[in-house]
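# Examining the three-dimensional arrangement
Listed below are the residues making up each chain.
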Amino acid sequence: MSDLHYLSPRTLDEAIKAFSDAGETARILAGGTDLLVQMRAGTVRPGTIIDIKKIGEMTDIEEAPDGSFVVGAAVSGAVLAEHPRFGAVWPGVLEAVNLIGSTQIQGRASAGGNLCNASPAGDSVPALVAAGATVTVAGPNGRRQLPVEAVPAGPGRTNLARGEIVVGFRFPPRPPGSSDAYLRMIPRTEMDIAVVGCGVSLTLRDGICTAARVALGAVAPTVLLVEAAGKALTGSKLDDAAVDAAAAACRAVCRPIDDKRGTIEYRTKIAGVLLKRAVRIAADRVRGA
Amino acid sequence: MAKLQVSTTINGEPVEFLCSPGETMLDALRGPLGLTGSKEGCGSGDCGACTITLDGRLVCSCLVLAAEAEGRQIGTIEGMAKGGHLHPLQTKFLEMAALQCGICTPGVLMAARALLERNPDPTEEEVRFWLAGNLCRCTGYDKIVRAVLETAAELREAAQ
Ligand SMILES: Cc1cc2nc3c(=O)[nH]c(=O)nc-3n(C[C@H](O)[C@H](O)[C@H](O)COP(=O)(O)OP(=O)(O)OC[C@H]3O[C@@H](n4cnc5c(N)ncnc54)[C@H](O)[C@@H]3O)c2cc1C
Ligand code: FES
Ligand code: FES
């Protein structure tokens, strides 16, 4: 780390310029709860660190009049939890972000860092995908929007082009009767990596599910949007047959690793179990239970 | 290597120091700043022995770059006792023997104080959950949790 540089630009334009000028070994710093661990372990040796937390757009949370939210990529879990409205509209996204690490980690860890670190087990990602959130990405060639599920490319890899920075997440306006939930299975009760994670977002009208999105984490090289599971729920009363079909769709897409923390068979089975529980929680939240 | 000059506030006092760009806040505290109360248990965010506050928020100082302190407010365990008077949590920890080797204690105290500032009447479960990022190899946690709950009860009584 002898020639390491630290920069803390105050505008996005400066950050983009610094990021592309600094070349291959430049790294963005949000909360540092992955980056600093990786630097200490020697797996990442940045030449330049670009701290994005002095850029307003990266640390703001905004609710638009149409009910959509824009959350800066570097907003920490603790700050998101203190927002007066976000958790009421997106309880599943908030619970997923707040599951990341301890109180101290929550003081720093961001959803942007969780997404860009591209662990298949990142807790916030399935919830963001289920929510239908999009990311705004900015780079030397301007800005573009993409769905959250388009960002991860594989363990530790993203589809961001060289020099691109995630600026923030946009959450679409919520129709009445909507809610979401995130559940993860971990061998311990706290402070552990998900063996399976499942995010569900749904809308109910007169007891009928009119829209549903389901995403799974830790069961494939990237977080998966399970469209077939969403389809199985949509149009139903969330009766056992529909929920069983959605659970089967979740099991069908699993391509998990096999390790001491969870065998393929176990992870696959749990994906279906978590789906069922997360659907119930999201539906109960709609009904105000 | 070019050193960075950092102007910050530590425990209410303006401080200037030099650091290298990759240095952590924990290393700066324990090295040039001579504040060795914050401990290094793991260096990877798992143990909480290095807990400080950054603009009032609990963080692991081993996962903060020293350069990030520029223009911000740092709080360390050295700022907990005021004018030679221990904080009620510190007194209670001594009284109830909520420590053995003491390595985890600065971090536990910093975290416990932040909890009581936000929630003066936590349940046992809330205390345990809040302190889940503070590992202790000695006490088995029970005495720590009791001491926090007891301090909270006394502070509530005193406030009435
Ligand atoms: C003790 C401990 C417990 C943890 N527990 C969990 C857990 O339970 N669940 C979980 O999912 N994770 C966990 N983590 C991992 C980590 O905390 C999360 O992945 C966190 O969300 C990372 O966010 P950050 O802001 O700290 O990212 P950083 O470390 O700042 O960044 C992570 C990576 O993303 C890149 N990056 C960050 N922001 C951007 C951006 N806006 N644009 C482009 N690239 C960017 C960085 O260059 C880096 O490569 C834990 C970590 C620790 C140390
Ligand atoms: S030394 Fe920082 S968390 Fe262990
Ligand atoms: S008293 Fe020894 S680690 Fe807690």
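Along each chain, the written sequence defines residue order, and numbers are assigned to residues from 1. Labels follow written order: the first chain is A, the first ligand is 1, and so on. The model is predicted, so local features are restricted to residues of pLDDT at least 70 and side-chain atom pairs to those at 80 or more, both for listing and for counting; the totals for chains, interfaces and linings are taken over all residues. To get the side-chain values, take all heavy atoms of the structure and skip hydrogens and water.

A helix here means a DSSP run of H or I that spans at least four residues, while a strand means a run of E at least two residues long, and both kinds are numbered starting from the N terminus. Within chain B one finds five helices and five strands. In chain B, the succession of helices and strands from N to C terminus is β-β-α-β-β-β-α-α-α-α. Computation of the radius of gyration draws on C-alpha atoms alone. For the globule rule, the value is 2.2 Å times the number of residues to the power 0.38. Here chain B has a C-alpha radius of gyration of 16 Å; the compact-globule value for 160 residues is 15 Å, and the two agree. When the backbone C-alpha atoms are referred to their principal axes, chain B occupies close to 50 × 35 × 25 Å. Relative accessible area decides the class of each residue, using a 1.4 Å probe on protein chains only: under 20% of the type maximum gives buried, over 50% gives exposed, and in between gives partly exposed. Out of the 160 residues belonging to chain B, those deemed buried represent 52%. Of the contacts formed within chain B by residues at least 6 apart in sequence, a portion of 53% connects residues at least 24 apart. For accessible areas, the Shrake-Rupley method is used with a probe of radius 1.4 Å. Any residue's cover is judged against the shown protein chains and nothing else. Within the structure as shown, chain B displays about 7300 Å² of accessible surface, and the carbon and sulfur contribution to it stands at 52%. Residue contacts follow a heavy-atom distance rule, with two residues in contact if any of their heavy atoms lie within 4.5 Å.

Residue and element names in this part refer to chain A. When DSSP locates at least two bridges between a pair of strands, those strands are taken to pair. The strand order 1-3-2 describes an open sheet built from three strands, whose pairing is parallel. Because the sheet does not close on itself, it has two edges, and the strands there are strand 1 (5–7) and strand 2 (26–29). Taking each pair of neighbouring strands and ignoring which way they run, the sheet shows an average axis angle of 20°. Note: strand 2 against strand 3 (residues 48–51), four bridges, orientation parallel. Bridge pairing links Ala-26 to Thr-48 in strand 3. Only the stretch in contact is used when a helix axis is fitted, and all axes are lines through C-alpha atoms; the angle between N-to-C directions ranges over 0 to 180 degrees.

Time to look at the nonpolar core. Residue and element names in this part refer to chain A. In this structure, Phe-86, Val-93, Val-135, Val-148 and Phe-171 are the most contacted members of the largest nonpolar core, which totals 50 residues. Secondary-structure elements contributing two or more residues to this core are helix 1 (12–22), strand 5 (69–72), helix 5 (86–89), helix 6 (91–98), helix 8 (111–117), helix 9 (124–130), strand 6 (134–139) and strand 10 (165–171). For the domain bounds, the source is a domain assignment made automatically or taken from a database. When we break this core down by domain, the ones giving at least three residues each are domain 1 (5–51 + 60–171) and domain 2 (185–287). Residues in contact with Val-135, not counting those within four places in the same chain, are Leu-115, Arg-144, Gln-145, Leu-146, Val-148, Val-151, Val-166, Gly-168 and Phe-169. To define a nonpolar core, start from buried Ala, Val, Leu, Ile, Met, Phe, Trp, Tyr and Cys residues and group those joined through side-chain atoms within 4.5 Å.

All names here are of chain A. Residues of strand 3 alternate between two faces, with Thr-48 and Ile-50 on one and Ile-49 and Asp-51 on the opposite face, all of them buried. Bridging between strand 1 and strand 3 involves three bridges; their strand directions are parallel. Counterpart to His-5 in the pairing with strand 3 is Thr-48. By definition, the crossover connecting two strands over a helix is right-handed if that path, from the first strand to the second, turns clockwise as seen with the strands pointing away from the viewer. You can see the chain leave strand 2, run along helix 2 (residues 35–41) and come back into strand 3, and the turn it takes is right-handed.

To continue, consider the environment of Arg-137 of chain B. Inspection of the secondary structure puts Arg-137 of chain B in the loop between helix 4 (124–130) and helix 5 (142–159). Along the primary structure Arg-137 of chain B and Gln-100 of chain B are separated by 37 residues, whereas in three dimensions their C-alpha atoms are 9.1 Å apart.

Residues and elements named next belong to chain B. With burial as the criterion, each face of strand 3 (residues 51–54) is covered, one bearing Thr-51 and Thr-53 and the other bearing Ile-52 and Leu-54. The pairing of strand 3 with strand 4 (residues 57–60) spans four bridges and is classified as antiparallel. Residue pairing in the sheet places Thr-53 in a bridge with Leu-58 of strand 4. Hairpin geometry of strand 3 and strand 4 is characterised by an intervening segment of two residues between the two adjacent antiparallel strands and by a positive phi of about 50° at Asp-55. Pairing of strand 3 with strand 5 (residues 73–75) involves two bridges; the strand directions are antiparallel. What sits directly across from Leu-54, in strand 5, is Ile-74.

Our focus in this paragraph is the interface of chain B and chain A. How large an interface is tends to be reported as the accessible area lost when its parts come together. Taken together, the contact between chain B and chain A spans 32 residues of the former and 27 residues of the latter. Summed over both partners, the accessible surface that disappears when two parts come together, traced with a 1.4 Å probe, is what is meant by buried area. When the buried area of chain B at its contact with chain A is split by residue, Arg-57, Leu-63 and Glu-68 of chain B rank highest and sum to 27% of it. For this analysis, a salt bridge means a side-chain nitrogen from Lys or Arg found within 4 Å of a carboxyl oxygen belonging to Asp or Glu. Lys-53 of chain A serves as the salt-bridge partner of Glu-68 of chain B, at 2.8 Å between the closest nitrogen and oxygen. Each polar contact in these results corresponds to two N or O atoms within 3.5 Å; when the atoms are within protein, one needs to be able to donate a hydrogen and the other to accept it, and residues that are neighboring in sequence are counted only if both atoms are side-chain atoms. For the pair chain B and chain A, the interface holds eight residue pairs in polar contact (both at pLDDT 80 or more). Elements with a contribution of two residues or more to the side of chain B that touches chain A: strand 3, strand 4 and helix 4 of chain B.

Let's shift gears to the confidence of the model for chain B. Note: predicted coordinates in regions of low pLDDT should not be interpreted at a detailed level. Summarising the model, chain B shows a mean pLDDT of 97, and 99% of its residues fall at 70 or more. Here the predicted complex carries an ipTM of 0.97, next to a pTM of 0.97. pLDDT is a per-residue confidence score from the predictor, ranging from 0 to 100.

This paragraph deals with the pattern of salt bridges. Evaluation of the coordinates by the stated rule reveals 27 salt bridges over all chains. One network of salt bridges, in which partners are shared, links Asp-51, Lys-53 and Arg-108 of chain A together with Glu-68 of chain B.

Before going further, it helps to spend a moment on the domain arrangement of chain A. Residues and elements named next belong to chain A. You can read the domains of chain A as domain 1 (5–51 + 60–171) and domain 2 (185–287). When each unit is reduced to the centre of its C-alpha atoms, the spacing between domain 1 and domain 2 is 24 Å. On the domain 2 side, the residues contacting the 21 residues of domain 1 number 18 residues. Where domain 1 abuts domain 2, roughly 1400 Å² becomes buried across the two surfaces, and 66% of that area is made up of carbon and sulfur atoms. Of all residues in domain 1, Pro-120, Pro-126 and Ala-130 bury the most surface against domain 2, accounting for 36% of the area lost on that side. Glu-149 is the partner of Arg-213 in a salt bridge, and the nearest nitrogen-oxygen pair spans 3.2 Å.

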